[in-house]
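Read off the chains here:
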Amino acid sequence: MRRIIVTALYTALILGANPGHADVAAARAAVAGEMRKLQIHDAPVAVPAESLPDRADAPRSLAEWKGQWVLVNFWATWCAPCRKEMPDLAKLAATGDVAVVTVAVGRNPPEAIDRFMTEIGVDNLPVLKDASSSLSRGMGVLGLPLTVLLNPEGQEVARLIGDAAWNGADARRVLAAFRD
């Protein structure tokens, strides 16, 4: 562990005043356990500007969360790993450390979305509906669940394919490294 910390500090020192690169280096150094599945980008990636309806059919955009670190979780009502992961995302969102926005991909009828959330006991996450999969295609979502980390500028800095314990120690350590 000491070696990882020293490596991260050394890398941050070498990169000097470029905080974007320092965050990447610290996050990579913090990766452990199941977060090894996390793909951290060398440079931030632009996110398509899409307007999607929420559960009440009001138009929403990921731009609403600019200024915050955001986990965007792509999921579907038929996805078993999504069902397993979503309560952990809800617990993480409740901490206030990072915003969590969920995107229901494909044809997920409103009653199915409501039933899914009720059955797993989640009531604190915004749900955007991507019925045409336009945002999903634009962001290269090829499987579910897929979770994307956005920086406060609204750019993608990392992604994880598959479910993860987002409220676990490994995830919290990586997210803290990005934020600090």
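About the criteria used
Residues numbered from 1 in each chain as written. Predicted model: local features only at pLDDT ≥ 70, side-chain atom pairs only at ≥ 80, totals over all residues. Heavy atoms only, no water. Buried < 20%, exposed > 50% of the residue type's maximum accessible area, 1.4 Å probe, protein only. Helix = DSSP H or I, 4+ residues; strand = E, 2+ residues; numbered from the N terminus. Arc of directions from axis to C-beta. Contact = heavy atoms within 4.5 Å. Disulfide = S-S within 2.5 Å. pLDDT = per-residue confidence, 0-100. Lys, Arg positive; Asp, Glu negative; His and termini not counted. Salt bridge = Lys/Arg side-chain N within 4 Å of Asp/Glu carboxyl O. Polar contact = N/O pair within 3.5 Å; in protein donor to acceptor, adjacent residues only side chain to side chain. Core = buried A, V, L, I, M, F, W, Y, C linked by side-chain atoms within 4.5 Å.

A word on helix H4 (residues 110-120)
Two residues of an α-helix separated by three or four positions point the same way, owing to the 3.6 residues in each turn.
Here is step 1: Buried residues of H4: Ala112, Ile113, Phe116, Met117 and Ile120, and no others. Viewed end-on, H4 has its buried residues packed into an arc of 130°, placing them on one side of the element. Residues of H4 that are exposed and angled more than 90 degrees away from the buried face: Glu111, Thr118 and Glu119.
Here is step 2: On its buried side, H4 packs onto strand E4 (70-75), helix H3 (80-95), strand E5 (99-105) and strand E6 (127-130).
Here is step 3: Just downstream of H4 lies glycine 121, where phi reads positive at about 75°.

Structural notes on the state of the cysteines
Cysteine pairs can be linked by a disulfide, which is a covalent bond between their two sulfur atoms.
Here is step 1: In this structure the tally under the stated criterion is 1 disulfide.
Here is step 2: Each disulfide pairs two cysteine sulfurs, and for cysteine 79 the partner residue is cysteine 82, the sulfurs being separated by 2.3 Å. A torsion of 80° about the S-S bond marks the disulfide between cysteine 79 and cysteine 82 as right-handed.
Here is step 3: Since its relative accessible area comes to 4%, cysteine 79 is described here as buried.

Looking at the confidence of the model for the protein chain
Here is step 1: Here the protein chain averages 89 in pLDDT, while 88% of its residues score no lower than 70.
Here is step 2: Across residues 1-22, confidence stays below pLDDT 50; counting only partners more than four residues off in sequence or on other chains, it has 9 contacts.

Side note on the side chain of aspartate 130
Here is step 1: Among the secondary structure elements, aspartate 130 is positioned in strand E6.
Here is step 2: Here aspartate 130 occupies a buried position and makes no salt bridge, while the nearest side chain of opposite charge, arginine 137, is found at 6.9 Å.
Here is step 3: A polar contact of 2.7 Å, which involves the side chain of aspartate 130, links it to the side chain of serine 136.
Here is step 4: Not counting chain neighbours up to four residues away, the residues in contact with aspartate 130 comprise Leu52, Val103, Ala104, Val105, Gly106, Leu135 and Ser136.

Some words on the nonpolar core
Here is step 1: Core analysis: the largest hydrophobic core is formed by 38 residues, its most contacted members being Leu71, Trp75, Met86, Trp166 and Phe178.
Here is step 2: Ranked by residue count, the leading element in this core is H3, at 6 residues.
Here is step 3: Among all residues touching phenylalanine 178, those that are not within four sequence positions of it are Asp23, Ala27, Ile40, Trp69, Leu149, Val157 and Ala158.
Here is step 4: Listed in part, the 18 residues of the second largest apolar core include Leu52, Trp65, Leu135 and Leu150.

Here we look at the pattern of salt bridges
Here is step 1: A full pass over the atoms with the stated rule returns 10 salt bridges.
Here is step 2: A salt bridge links lysine 129 to aspartate 57; the shortest N-O distance between them is 2.7 Å. Within this pair, whereas lysine 129 is found in strand E6, its partner aspartate 57 is found in the loop between strand E2 (52-53) and strand E3 (59-60), the two being separated by 72 residues in sequence.
Here is step 3: Classification of lysine 129 by relative accessible area gives buried; the value is 13%.
Here is step 4: By relative accessible area, aspartate 57 is classed as exposed at 54%.
Here is step 5: For arginine 173, the salt bridge identified is with aspartate 170, shortest N-O distance 2.7 Å. Taken together, the residues arginine 173 and aspartate 170, both in helix H6 (residues 169-179) and 3 residues apart, mark about one turn of the helix.
Here is step 6: When its relative accessible area of 34% is taken as the criterion, arginine 173 is described as partly exposed.
Here is step 7: Salt bridges sharing partners connect three or more residues here, namely Asp54, Arg60 and Glu64.

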